[in-house]
Amino acid sequence: MDFILNLNKYLSKSFVNKLLDSMEEKKTSSLILNTKKIDEVSFLNLFPHLRKHPFLKYVYYYNKDEYDLGKNYLLIAGVYYIMDASSLITSSLLDVNDGDLILDMCAAPGGKTISLLLYNLDKKFEVISNDISHSRALELSKNIERIGASNVIVTNNDFSLIKNKYKNAFNKIILDAPCSGSAMFRKNELAKKDWTIEKVLSLKEKQILLLNDAIYMLQDGGIIVYSTCSFSYEEDEEVLLEVLKVNPNIHLINIPFKEGFYKDKNVKEPIHLFPSLYEGEGQFIALLKKDGNDKKYDLSIKKEEKNKDLKRFNLNFNRQITLKDKIYLTNNPLDLSKLNLIRPGLEVYEVKKNYLTPSFSLAHYLNNKASIELNEKEKDLYLHGDEITKVLNLKNDFYLVSYKGINLGFIKYVNGKLKNYYPKGLRH
Ligand SMILES: C[S@@+](CC[C@H](N)C(=O)[O-])C[C@H]1O[C@@H](n2cnc3c(N)ncnc32)[C@H](O)[C@@H]1O
């Protein structure tokens, strides 16, 4: 069976033709704004031709030829995250509450976690953001760091091996499953040539296993958002039908219809996004809810002792974790002993010869109230990695520097010189 025949399984011929035409068109770029760092009006002053998304808050479309936002220093500073407008719908469908404990099972490079954070900056919740690939988990960690989040722990686990430890632990789970990626073919023509029904069917088996694991780790009353970037019915509706068959305590929640959404005739609760109907790549999204009242996972933990003086930046967290030569802070109450931790919370200090150097992550997290504001020339010198001469009435110590109110990173003030601590790999 080829790719087009497979689409005909649930879509009419004329619909598939329109879909295939739309996959050849140039895609529009989109981003989500980090309103912890900049307000929408100020951002629009910088980039006036951004176009607001019809219903997603903080989301804008832009033309890549006009604004090269992938190369702007504001991206590194975590002011926005570039992400496809269909993918951006997934996390927006989770109704996040204070106290939630959320697992993003297949999270790299981080789009779903990051958009979840940015939609819910006013809420207090904790996230475990995980990926089975070590290299991708490192990338995930970097992307999350830029956003300035303190409520995310990044892990590199296969949860099927440790799920017993986390039975009923999470009240929300994002499962953006590994898939054949057919809904991204416009981006990657090679993948289209690689498409086979055998691959789709083997991914379907994997998706079913992952979804069953997610159900096992979900609290009663909890919600899973399941998504793929596949157009194949097998990886979308059929995965749900198989899982519902063996889990009578799970039901689908209806995603209210909006213009641009597509709903299957038989499985009516989820949505498909097709580039022929909606301005974005393809995506399939379903919400599942667990009934029952099984005992919840015990979230109580001992408040751990802090052994380093973190008073200077007013950092008040329940747990302090040292991993290799770095110090992290978190409020996550989970037992972390079974997790391969990549980033156990907000990275605050690196310990070098018993000496504490504030981390780049901390610069992203802190507000700019105590920052030294640089002028444009100094900003360019800083991003280039140069030392800046600036005599200030300060004692020799580490300080934040910002440009137009956005933190760029740390410097060490030493007798009228701003020693540069912008990460070497980012200097340009
Ligand atoms: C579709 S991508 C995730 C995209 C991501 N959610 C985002 O929005 O940026 C699927 C991810 O699943 C990961 N993966 C595959 N099998 C996995 C497993 N068993 N457990 C955890 N992650 C897995 C892959 O490494 C890949 O990064």
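Because the structure is a prediction, the values reported are computed rather than measured.

F43, V79, Y80 and Y382 are the most contacted members of the largest nonpolar core, which totals 72 residues. The element that contributes the greatest number of residues to this core is helix α6 (residues 111–119), accounting for 5 residues. Filtering out sequence-adjacent residues up to four positions away, Y382 remains in contact with L374, I388, V401, L408, G409, F410, I411, N420, Y421 and Y422. One finds L7, M23, L210 and F274 within the second-largest nonpolar core, a separate group that totals 56 residues.

Let us look at the site of the ligand. If you check the shell around the ligand, you find 18 residues, and the closest are A108, G111, D131, R136 and D176. The separation between an oxygen atom of the ligand and a polar main-chain atom of K112 is 3.1 Å. Between the ligand and D131 there is a distance of 2.7 Å, counted from an oxygen atom to a side-chain nitrogen or oxygen. Protein contact buries 84% of the 600 Å² of open area that the ligand shows by itself. Going through the elements one at a time, α6 and α9 (197–217) are the ones with two or more residues in the shell around the ligand. For the shell around the ligand, the residue count by class is 9 nonpolar, 4 polar and 5 charged.

Across the junction of A108 and P109, the peptide omega takes the value 5°, indicating a cis bond. Within the element layout of this structure, P109 appears in the loop between β5 (101–104) and α6. If you check the backbone angles, Y58 has positive phi at about 65° while not being a glycine. As for its position among the elements, Y58 is in the loop between β2 (51–52) and β3 (59–62). The backbone of N415 shows a phi angle near 50°, a positive value even though the residue is not glycine. Checked against the element boundaries, N415 lands in the loop between β22 (406–414) and β23 (417–420).

To continue, consider the sheet that holds β3. If you trace the 4 strands from one edge of the open sheet to the other, you get β2-β3-β1-β4, paired in antiparallel fashion. Each end of this open sheet is capped by a strand with a single partner; those strands are β2 and β4 (80–82). Pairing between β2 and β3: 2 bridges, direction antiparallel. Counterpart to K52 in the pairing with β3 is Y60. Each of β1 (29–33), β3 and β4 touches α6; the most contacted strand, β1, lies at about 45° to it.

Below, the discussion takes up the packing of aromatic side chains. Taken as a whole and assessed by the stated rule, the structure comprises 19 aromatic pairs. Centre to centre, the rings of F3 and W195 are 5.7 Å apart; their planes meet at 65°, and the pair counts as edge-to-face. Taken together, the residues F3 in helix α1 (residues 3–7) and W195 in the loop between α8 (189–194) and α9 connect sequence positions 192 residues apart. Each member of the pair, F3 together with W195, is buried. For the pair F257 and F261, a centre-to-centre distance of 6.5 Å together with 80° between the ring planes defines the contact as edge-to-face. By relative accessible area, F257 is classed as exposed at 55%. The buried category is assigned to F261, whose relative accessible area is 6%. Here the aromatic cluster, defined as three or more aromatic residues joined through ring pairs, consists of F15, F231, Y262 and F274. In this structure, K163 packs its charged tip against the face of Y216, placed 5.7 Å from the ring centre. A cation over a ring is seen here: K167 above Y216, with NZ or CZ 5.6 Å from the ring centre.

Our next topic: helix α10 (residues 237–246). E237, E238, V239, L240 and V243 are the residues of α10 that are buried. Residues of α10 that are buried in the fold lie against α9, β9 (218–228), β10 (250–253), β12 (271–273) and β13 (283–290).

Right, let's get into the environment of I342. Mapped onto the elements, I342 comes out in strand β16 (residues 341–343). I342 sits in the buried class, given a relative accessible area of 15%. Once the C-alpha coordinates of I342 and A183 are considered, the two residues, 159 residues apart in sequence, prove to be 30 Å apart. With residues near it in sequence (within four places) discarded, I342 still touches H134, A137, L138, S141, V154, T155, N156, L323 and Y328.

Scoring rules and cut-offs
Residues numbered from 1 in each chain as written. Predicted model: local features only at pLDDT ≥ 70, side-chain atom pairs only at ≥ 80, totals over all residues. Heavy atoms only, no water. Core = buried A, V, L, I, M, F, W, Y, C linked by side-chain atoms within 4.5 Å. Buried < 20%, exposed > 50% of the residue type's maximum accessible area, 1.4 Å probe, protein only. Helix = DSSP H or I, 4+ residues; strand = E, 2+ residues; numbered from the N terminus. Contact = heavy atoms within 4.5 Å. Near = heavy atom within 4 Å. Polar contact = N/O pair within 3.5 Å; in protein donor to acceptor, adjacent residues only side chain to side chain. Areas by Shrake-Rupley, 256 points an atom, 1.4 Å probe, with all protein chains shown as cover. Nonpolar A, V, L, I, M, F, W, Y, C, P; charged D, E, K, R; others polar. Pairing = 2+ DSSP bridges. Axes fitted to C-alpha atoms, helices over the stretch in contact; angles between N-to-C directions. Phe/Tyr/Trp six-rings, centres within 6.5 Å; stacked < 30°, edge-to-face > 60°. Lys NZ or Arg CZ within 6 Å of the ring centre and 35° of its normal.

Take it as geometry only, folks, not as evidence of what the structure does.
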